[in-house]
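Structure at a glance
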6 protein chains.
Amino acid sequence: MNWQRPDGRKSDRLRPITFEKDFTRFATSSVLTRCGDTQVLCTVSIQDGVPKFLEGKGQGWLTAEYRMLPGATPQRQTRELMKLSGRTQEIQRLIGRSLRAALDLEALGERTAIVDADVLQADAGTRTTAITGGFVALAMAMDKLVAAGALARSPIRHQIAAISVGLLHGEPYLDLNYTEDVAAEIDCNIVMNDRLEIVELQGTAEEGSFSRAQLDRILDVAEKGMQELFVAQRAALEG
Amino acid sequence: MNWQRPDGRKSDRLRPITFEKDFTRFATSSVLTRCGDTQVLCTVSIQDGVPKFLEGKGQGWLTAEYRMLPGATPQRQTRELMKLSGRTQEIQRLIGRSLRAALDLEALGERTAIVDADVLQADAGTRTTAITGGFVALAMAMDKLVAAGALARSPIRHQIAAISVGLLHGEPYLDLNYTEDVAAEIDCNIVMNDRLEIVELQGTAEEGSFSRAQLDRILDVAEKGMQELFVAQRAALEG
Amino acid sequence: MNWQRPDGRKSDRLRPITFEKDFTRFATSSVLTRCGDTQVLCTVSIQDGVPKFLEGKGQGWLTAEYRMLPGATPQRQTRELMKLSGRTQEIQRLIGRSLRAALDLEALGERTAIVDADVLQADAGTRTTAITGGFVALAMAMDKLVAAGALARSPIRHQIAAISVGLLHGEPYLDLNYTEDVAAEIDCNIVMNDRLEIVELQGTAEEGSFSRAQLDRILDVAEKGMQELFVAQRAALEG
Amino acid sequence: MNWQRPDGRKSDRLRPITFEKDFTRFATSSVLTRCGDTQVLCTVSIQDGVPKFLEGKGQGWLTAEYRMLPGATPQRQTRELMKLSGRTQEIQRLIGRSLRAALDLEALGERTAIVDADVLQADAGTRTTAITGGFVALAMAMDKLVAAGALARSPIRHQIAAISVGLLHGEPYLDLNYTEDVAAEIDCNIVMNDRLEIVELQGTAEEGSFSRAQLDRILDVAEKGMQELFVAQRAALEG
Amino acid sequence: MNWQRPDGRKSDRLRPITFEKDFTRFATSSVLTRCGDTQVLCTVSIQDGVPKFLEGKGQGWLTAEYRMLPGATPQRQTRELMKLSGRTQEIQRLIGRSLRAALDLEALGERTAIVDADVLQADAGTRTTAITGGFVALAMAMDKLVAAGALARSPIRHQIAAISVGLLHGEPYLDLNYTEDVAAEIDCNIVMNDRLEIVELQGTAEEGSFSRAQLDRILDVAEKGMQELFVAQRAALEG
Amino acid sequence: MNWQRPDGRKSDRLRPITFEKDFTRFATSSVLTRCGDTQVLCTVSIQDGVPKFLEGKGQGWLTAEYRMLPGATPQRQTRELMKLSGRTQEIQRLIGRSLRAALDLEALGERTAIVDADVLQADAGTRTTAITGGFVALAMAMDKLVAAGALARSPIRHQIAAISVGLLHGEPYLDLNYTEDVAAEIDCNIVMNDRLEIVELQGTAEEGSFSRAQLDRILDVAEKGMQELFVAQRAALEG
């Protein structure tokens, strides 16, 4: 039995993804990333200095914050005040680790890049969209530092993107939307660099389990999507 | 001595204001309001039921939340976690009171409208933009309730808008941007309904004081701006 | 139709106001202010140094805290722990701004005056009583600094007082008590200096709205009350 | 070597203690208790119902809250927000347990008495003053319930008072003020009922230790003070 | 170049693992699990009822909490108060998901199993030890429900265990201790069931990245360790 | 009428008490103390430096933290997050004061000893067990400082232990377990040094009151238990 995708996509197809650069203009850089109906505003702010644990080590740092606006979903979600949910913390730590993998932190110098990923509209895939779009904003911010003479060359050393793959009826489907995400037995989030090496791999069986053979097929589909994302990022950055 | 406005506006001129309806589509209604470089995303979510203190009184309620995204300003602002600043609380209470004045709460029935005003970019006037744009989103949400058959007619009873006026060198200037806001001795926020009656009036002398004669001139300028805002709101709603 | 005041006052009459100086003796100064049945204990503490954002600017600062004791009202009120309500924050910010307008902050030097306004009994008008009584305590504290040789002359540059005016059946009434406050359509709090210039003006229509003509009549009544308050403050300070 | 008391008292003498009844008038009862320079405002509020763990058991409850106003001491103390200090929690639990010992909780019925002890001025002995004055306020509140016909007779079953005794140079001194409290090696707080039975006994050696013989002498002095407190409470209640 | 393991183990060898059952006796079940120098006390408490979102669905639930005692590491760690770190939240969510995979939640009925994993001593691998030992405690708790007649048969449907594998100099090493964990470029945590299917897979490149070929070798080593863990768990449960 | 102890002990007998030294090995010292069914893991961590209020005074400090693990009781207890209960704060302050009485703080030098008392299993007497076992861990930690050459001699100046005594049917019983603790009218916790001088004495009548004669008998029983505890501590330290 096969899964009929709600938007008619083939199992290995991405949703349309676009990067609207400079959506806002006061932060160092800003990209409104749309992946299907998911919309994430990624802004990057550069600050002098690094956190305490890195002081004097001659390197920079990158950290990320992630939030969902209350009106991003059909059922309004309460803002997180007093404490962040485990989900939010997991996601912002994942975004931070993934985008640090894009950077030569020593070349950045004693600066901190703060990536804010605010989800304006959520149709699943918000964390992967935040990483993929966050990379574009990060590259733009680095280019600005170069243009301003603060850096001799961009400290970007890898292109980074992320995508989800789910198992539905035992078969892998690329880039799930909300309806699919709810239906999937297995949900994998994969972050890769432009050599198609794995930076992060998180596979979770909310129900059931998966075999190593299925993992292989998941990674096949992910690689295909990843290649398309890298092309889209480059087109946006050169556009 | 006169104040030369940074964008060359005359003292009684508004910044360009636009309302992008349905900027997101999962909340009941959504309007991205741009007033000069200030951008506020207003979404309205309708929920069944009312807060405890109103239960069984046969009326509805409206409440508002206001936040500034960290990347909305050139200097990144830390998110408010653990506790809201006094400024944020004042603003969201003001938005709530002002927009309740637009509604016949009994006609709304036992429903709660939640207005979320998220500032994507801040160049002063964020609270007044949130009220003016929030009204458009609120009217749209009420129309949807009517279209869905939940209400026989829209419970909107007044059009509501808000504007700031500042005193610079003792003279009133309409709709200050950030540079002007910092320079102003006196800052007034005025909320009116479409009969040009005052709903809220907040005049604050951060430094110095103002006379009753100056207050009169401030209100003259405010009334002129208000009339233009009401026209713009109607155009957006009918567009 | 007219409003019959519960205590038989004419519409433009204040409640009896008294200032009990040195009610406590460990703080720099202390005044128990009674305005009708409203009782606010205002203490002023002077500390060396200023907040971070003012360091090295050669000026002083004043900040205020406001709380209501749980037993201040017939229905006991829960203490605010974990977070302050928006109402409390608004009030303490208002008290702070208003009393800073009394001071020549440069003449104060790098000191911070902390005004604590604790409401022992609440019959409306607690914020205006806190400002009017807080001014007396502040002037006393400045006199002590002069007496102690820490300052050559008092940095008080304006006398400051505050009063509320409400609209009941469309007519202005001065200095509302609790019963009147609940019944009023419009509630204005006005802070003025001794030249009868406006320092703060906050008019709120909890229900309805008010015209500019009504605003003028509100301010007429406020000015009359303000003059009496300035006389009472001076009598207390000279007593 | 002997300790010369700052106010010339003999070692077994109390400070002057007075109870100003009805200091405020909106709570069920209110007593401003002054013990030397220590001033504690005790108010009692009666509420219907009991905490969850007592529901349906046909008995009442009493709970207490204790706070020190920031201006109560020469060095201003920061308000406790976000979390109560261990000291504050210990004290309010002690006040609650001690005053519950005054009551026949079954005779109170399913009501909760909340005792608020707010320290307006602190010269040591604030917790014992809160208990001794809190008892007077509690008895007044119970009399009001009887007068209002809510109870047939007062549920007070014991008179309760509290006093401190400290060891200075190995000798016991009654009712320490702040200077003495800092100098004392040992600090005991004793709560007794009018049969001179012990309800609470807390002896703490901040430095050093004490023998059983010294404990006996501490209790001798405490008993003497306790008898005078019971007389003063009765005089106030009958006054 | 090879990595010489500090304890001389071969690259695919587990540390000694033991399960001390009934280490404490008041919780439904308790197992002190030691994996090398890592010690985790796992207790299971069974409560009637389920969280709100599951009420009336006729199924049970399992949730987990994880904490590290301050003295568990050479450098004392501050307790998490006010808010949990992202790391702690990630780990306790992982433990919960993994152990839910062991259960037939419908067969459990409307009960909640709470697994508390408290790390008494930490030498890396605390989350995997918590899962592997938590499974033993969970199976014991289920057996008690059966013995008490509350359930007809144990709702355990899969045996669950977890292990870490790290890449050091590009080669996979099983069950890292602290020294190795710090040195590893890549850290994978793998949770499997007794059919060697994957329940959770989390691979993180703190620095660098890994290829699909390396992932395969990581999983080979993990499978070998997993088989030994399942044997050890069964021995403990039958012992 | 007499009380029949659940475990058949005579009224003046302790429960069996054991000290398992080095239960964990990463903290400076660690002792798992078992008193009947109560189990408390006490670890001591030594850190350089002292809290702010002691800096530059040439002395050391000791502070304690106390927590109960959720599975320590038959009914699982929720972890304290966001704020500590008054009970927990009272207990950890008591442990800190009591163990400071064991130390010559000047001889310790500018170091801080942190005692963590984590209750693995609770059958009453957890605070006294924490103090008695905490002393053993503290003495071990001091010996390690001496062995490491950091101190010339141990700064331990007194042996410290603690025990509870309760009144049941008016008679004193030593070292109550949980069943007895619930039944007791009066609960005393006594901390003494090895000269049988009192360091802390806390007597609480949850219900009723006690006479001075009863207090004397309570202290007689406590002294007897205390002597046995000192012997057990010395045996453990020398073992």
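Residues numbered from 1 in each chain as written. Chains lettered and ligands numbered in written order. Predicted model: local features only at pLDDT ≥ 70, side-chain atom pairs only at ≥ 80, totals over all residues. Heavy atoms only, no water.

An unreviewed UniProt entry lists chain A under the name Ribonuclease PH, with Oxynema aestuarii AP17 given as the organism.

**Regarding the relation of the copies chain B and chain A**
Superposing chain B onto chain A takes a rotation of 180° plus a shift of 0.0 Å along the axis, which leaves an RMSD of 0.0 Å. With respect to symmetry, the two chain copies, as superposed, fit the operation of a two-fold axis. (Least-squares fit on C-alpha atoms with pLDDT ≥ 70 in both.)

**Digging into helix 5 (residues 212–238) of chain D**
When the terminal C-alpha atoms of helix 5 of chain D are compared, their 39 Å separation across 27 residues agrees well with the 39 Å that a helix rising 1.5 Å per residue should span. Residues L215, I218, L219, V221, A222, G225, M226, L229, F230, Q233 and A236 of chain D constitute the buried set of helix 5 of chain D. (Helix = DSSP H or I, 4+ residues; strand = E, 2+ residues; numbered from the N terminus. Expected span 1.5 Å × (residues − 1). Buried < 20%, exposed > 50% of the residue type's maximum accessible area, 1.4 Å probe, protein only.)

**Digging into the interface of chain B and chain A**
Counting from both sides, the interface comprises 34 residues of chain B and, opposite them, 35 residues of chain A. For the chain B and chain A pair, buried surface summed over both sides reaches about 3000 Å², with 53% attributable to carbon and sulfur atoms. Our count for the chain B to chain A interface comes out at 12 salt bridges. Of the charged contacts in the structure, one is a salt bridge between D116 of chain B and R76 of chain A, with a shortest N-O distance of 2.7 Å. At the junction of chain B with chain A, the criterion picks out 15 residue pairs in polar contact (both at pLDDT 80 or more). At the level of secondary structure, the elements contributing two or more residues to the side of chain B that touches chain A comprise strand 2 (29–35), strand 3 (38–48), strand 4 (61–68) and strand 5 (111–121) of chain B. The residue makeup of the side of chain B that touches chain A, split by class, is 15 nonpolar, 8 polar and 11 charged. (Contact = heavy atoms within 4.5 Å. Buried area = accessible area lost by both parts, 1.4 Å probe. Salt bridge = Lys/Arg side-chain N within 4 Å of Asp/Glu carboxyl O. Polar contact = N/O pair within 3.5 Å; in protein donor to acceptor, adjacent residues only side chain to side chain. Nonpolar A, V, L, I, M, F, W, Y, C, P; charged D, E, K, R; others polar.)

**Here's the deal with the UniProt feature "binding site: phosphate" (unreviewed entry) in chain A**
Residues and elements named next belong to chain A. Following the UniProt record, one finds the feature "binding site: phosphate" (unreviewed entry) at R87, G125, T126 and R127. The greatest C-alpha distance among the residues just named is 13.4 Å, despite their covering 41 residues of sequence, which places them together in space. Mapped onto the elements, R87 comes out in helix 1 (residues 86–100). Using a relative accessible area of 31% as the deciding quantity, one classes R87 as partly exposed. (UniProt positions renumbered as here; feature names shortened; annotations may be inferred.)

**A word on the packing of helix 3 (residues 126–147) of chain C against helix 5 (residues 212–238) of chain C**
Helix-helix packing is characterised by the crossing angle of the two axes and by the distance between the axes. All names here are of chain C. Contact pair helix 3 / helix 5: the axes reach a minimum separation of 10 Å and the direction vectors enclose 35°. Crossing angle aside, the handedness with which helix 3 passes helix 5 is right-handed. Where helix 3 approaches helix 5, its residues T132, F135, V136, A139 and M140 are matched on the opposing element by L229, Q233 and L237. (Axes fitted to C-alpha atoms, helices over the stretch in contact; angles between N-to-C directions. Left-handed = near helix turned anticlockwise from the far one by under 90°.)

**A short note on the packing of aromatic side chains**
Inspection of the entire model under this criterion finds 9 aromatic pairs over all chains. Ring geometry for F23 of chain A versus F23 of chain B: centroids 5.9 Å apart, planes at 35°, classification tilted. Placement of the pair is F23 of chain A in the loop between strand 1 (17–21) and strand 2 (29–35) and F23 of chain B in the loop between strand 1 (17–21) and strand 2, with the two residues belonging to separate chains. Between the aromatic rings of F53 of chain A and W61 of chain A, the centroid separation amounts to 5.3 Å while the plane-to-plane angle is 85°, which identifies the pairing as edge-to-face. (Phe/Tyr/Trp six-rings, centres within 6.5 Å; stacked < 30°, edge-to-face > 60°.)

**Things to note about the side chain of N189 of chain E**
All names here are of chain E. For N189, the location among the structural elements is in strand 8 (residues 186–193). Owing to a relative accessible area of 9%, N189 belongs among the buried residues under this scheme. Setting aside anything within four residues of it in sequence, one finds N189 in contact with R127, T128, I163, S164, E200, L201 and Q202.

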